[in-house]
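Breakdown of the fold
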Amino acid sequence: MHALQTVPFANLNRDDLGSPKSLVYGGATRTRVSSQCWKRAIRLEVERAIGDPAVRTRRVPAEIAARLRARGWSEEAAQAAGNQVVLSANKKEGLKLEDNGGTSVLLYLPKAALDALADLAEEHREAIETTIGQKKPKPVLPVDRVGELLSERNGVINLFGRMLAELPGAGVDGAVQVAHAFTTHEVAPEIDFFTAVDDCLPEDAVGSGHMNSAEFSAGVFYRYASVDLAGLLANLGGDACMAKELSSEFLRAFISSLPTGKQTATAANTLPDLVHVVVRTDRPISYAAAFEAPVRPENGIAEPSRAQLARHAARLERLWGTKGVVYRGYACIDEKPLSGLGDPVESFDELVEGAVTAAYGGSAQ
């Protein structure tokens, strides 16, 4: 999946100093949005679409305690139950519990598994209550069952993967790769000086209630991601129907998602100008090298960026060949066709449907 997306004055993903993230590529400084940032936006959209969310958190004990308090447990008993889940996580030494009550690692599990863990605590309430007040309580929950629930998967975990070395067998190889998005051209961030008015100042007072500055930039971003269809099928135990649904929703989320950084101040709610999808049997191929030489303005940046992407794709096709191509197509705002990107379609929906149908047994194109 390749996309070119024009983003106006914005700061979708900032660094530790509040500036737009950047990189130097081809000797030119570009604005960058990290893969982690855009991938999270994609993941949340996929979760909403399939209706089966997952949570990444250190606060599993607190989440379980909150569920048990809602069922009438005392604060002490609920907290002991949350801690017991961590202590009973595996046969060696369990997960480590931090002083703040959280786990030492981020856990990633289906949200429904938190309810199941609370149900498990209910079954062992009497044993849990005997540990209240103990400085070093021993595990009282069934270790195998706790490990099983913490290792559960749902669609998004099978799609995006999970690294959890602390629980044997809990790791999941992700079927998705998402690249850092970067501008196709050189960018110099701009400083925005702003003030805020104090509405309750005396009539004779002057000046602002607050003043500060922030950094923003604008540009045309090249975005790229790939899905390992065979890996996804393996994660799903061969469930082609679910694989097709997840692939479709990932494609849609890749197209429509946006990071939320500074959006209330900029409303940079754009859609991609161009999306190109290729289904291959050989290996994924990024077109990032199309923009190693930064695009120069020619009545803007967006149109020459689309032309450069198409030229690069055509050159790579001549070099590499098309033997591994099952489907290739694109949807674009340009009325004039672009050569090198396959067949044009009228809408993103049509593009998604064509690619997914070809990937899962449709006719080759």
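Just so it is clear, the structure is predicted and the values come from calculations on it, not from any experiment.

Looking only at helices and strands, the protein has 12 helices and 12 strands in total. Taking all 365 residues of the protein together, the buried fraction comes to 46%. Sequence-distant contacts, at least 24 apart, represent 73% of the contacts inside the protein between residues at least 6 apart. Working note: accessible area of the protein is about 18,800 Å², and carbon and sulfur atoms make up 50% of it. Side chains of the protein carry 39 positive and 47 negative charges; the gap between the two charge centres is 7 Å.

Another aspect to go through is the nonpolar core. Of all hydrophobic cores here, the largest spans 47 residues; its most connected members are I42 and F250. Broken down by element, the residue count for this core peaks at 7 residues, all from helix α9 (residues 240-256). If we ignore the near neighbours within four places in the chain, the residues touching I42 are F160, F250, A253, F254 and S257. Grouped together as the second largest cluster of nonpolar side chains are 31 residues, V60, A77, A80 and A170 included.

On to the packing of aromatic side chains. Scanning all chains against the criterion turns up 5 aromatic pairs. Measuring from centroid to centroid gives 5.6 Å for Y222 and F291, while their planes differ by 45°, and the two rings are tilted. Highlighted residues: Y222 in strand β9 (residues 210-227) and F291 in the loop between β10 (274-280) and α11 (302-320), separated in sequence by 69 residues. Overall, Y222 belongs to the buried group, its relative accessible area being 2%. For F291, a relative accessible area of 0% puts it in the buried group. By the ring-pair criterion, three or more aromatic residues cluster together here, those being Y25, F182, Y222 and F291. The ring of F254 has R223 lying over it, and the distance from NZ or CZ to the ring centre is 4.3 Å.

Most of β10 sits inside the fold, with 6 of its 7 residues counted as buried. Bridge analysis of β10 against strand β11 (residues 325-332) gives 7 bridges, and the strand direction is antiparallel. By the bridge assignment for β11, V278 is matched with R328.

Mapping S305 onto the fold places it in helix α11. Polar contacts involving the side chain of S305 include one to the main-chain carbonyl oxygen of I301, which spans 2.8 Å.

In a regular helix each residue adds 1.5 Å, so 12 residues correspond to 16 Å; helix α12 (residues 348-359) covers 16 Å between its end C-alpha atoms and thus fits that length. Turning to α12, its buried residues are L351, V352, G354, A355, V356 and A358. Its buried side turned inward, α12 meets α9, β10 and β11. Where α12 ends, the next residue or the one after it, G361, has phi of about 100°, a positive value.

Once that is clear, we can look at the pattern of salt bridges. Under the defined criterion, the tally for this structure stands at 13 salt bridges. Between R67 and E63 there is a salt bridge; the shortest N-O distance is 3.0 Å. Note that R67 and E63 are positioned in helix α2 (residues 60-70) at a spacing of 4 residues, about one turn of the helix. A relative accessible area of 16% means that R67 is categorised as buried.

Attention now goes to the packing of helix α4 (residues 111-123) against helix α6 (residues 143-150). Remark: α4 packs on α6, axes separated minimally by 9 Å, with the N-to-C direction vectors making an angle of 165°. By the angle class used here, α4 and α6 are roughly antiparallel. As for how α4 packs across α6, the hand of that crossing is left-handed. Along the contact surface, α4 presents A113, A116, L117 and L120, while α6 presents R145, V146, L149 and L150. Looking at the contact of α4 with α6 residue by residue, the class counts come to 7 nonpolar, no polar and 1 charged.

Right, let's get into the packing of α2 against α4. What describes two packed helices is the angle between their axes and the distance between those same axes. Relative to each other, α2 and α4 sit at 60°, their axes nearing to 9 Å. Relative to α4, the crossing made by α2 is right-handed. Side by side, α2 and α4 meet where V60, E63, I64, R67 and L68 of the first sit next to K111, L114, D115, L117, A118, A121 and E122 of the second. The class makeup of the residues in the contact of α2 with α4 is 7 nonpolar, no polar and 5 charged.

When glycine is set aside, most residues are seen to have a negative phi, and most peptide bonds are trans. You will see that A267, though not glycine, has its phi angle at about 50°, which is positive. Along the polypeptide, A267 turns up in the loop between α10 (263-266) and β10. Positive phi outside glycine occurs at N299, with the angle close to 55°. With respect to the helices, strands and loops of the structure, N299 is situated in the loop between β10 and α11.

Criteria and thresholds
- Residues numbered from 1 in each chain as written.
- Predicted model: local features only at pLDDT ≥ 70, side-chain atom pairs only at ≥ 80, totals over all residues.
- Heavy atoms only, no water.
- Helix = DSSP H or I, 4+ residues; strand = E, 2+ residues; numbered from the N terminus.
- Buried < 20%, exposed > 50% of the residue type's maximum accessible area, 1.4 Å probe, protein only.
- Contact = heavy atoms within 4.5 Å.
- Areas by Shrake-Rupley, 256 points an atom, 1.4 Å probe, with all protein chains shown as cover.
- Lys, Arg positive; Asp, Glu negative; His and termini not counted.
- Charge placed at Lys NZ, Arg CZ, Asp CG, Glu CD.
- Core = buried A, V, L, I, M, F, W, Y, C linked by side-chain atoms within 4.5 Å.
- Phe/Tyr/Trp six-rings, centres within 6.5 Å; stacked < 30°, edge-to-face > 60°.
- Lys NZ or Arg CZ within 6 Å of the ring centre and 35° of its normal.
- Pairing = 2+ DSSP bridges.
- Polar contact = N/O pair within 3.5 Å; in protein donor to acceptor, adjacent residues only side chain to side chain.
- Expected span 1.5 Å × (residues − 1).
- Salt bridge = Lys/Arg side-chain N within 4 Å of Asp/Glu carboxyl O.
- Axes fitted to C-alpha atoms, helices over the stretch in contact; angles between N-to-C directions.
- Parallel < 35°, antiparallel > 145°, perpendicular 65-115°, else oblique.
- Left-handed = near helix turned anticlockwise from the far one by under 90°.
- Nonpolar A, V, L, I, M, F, W, Y, C, P; charged D, E, K, R; others polar.

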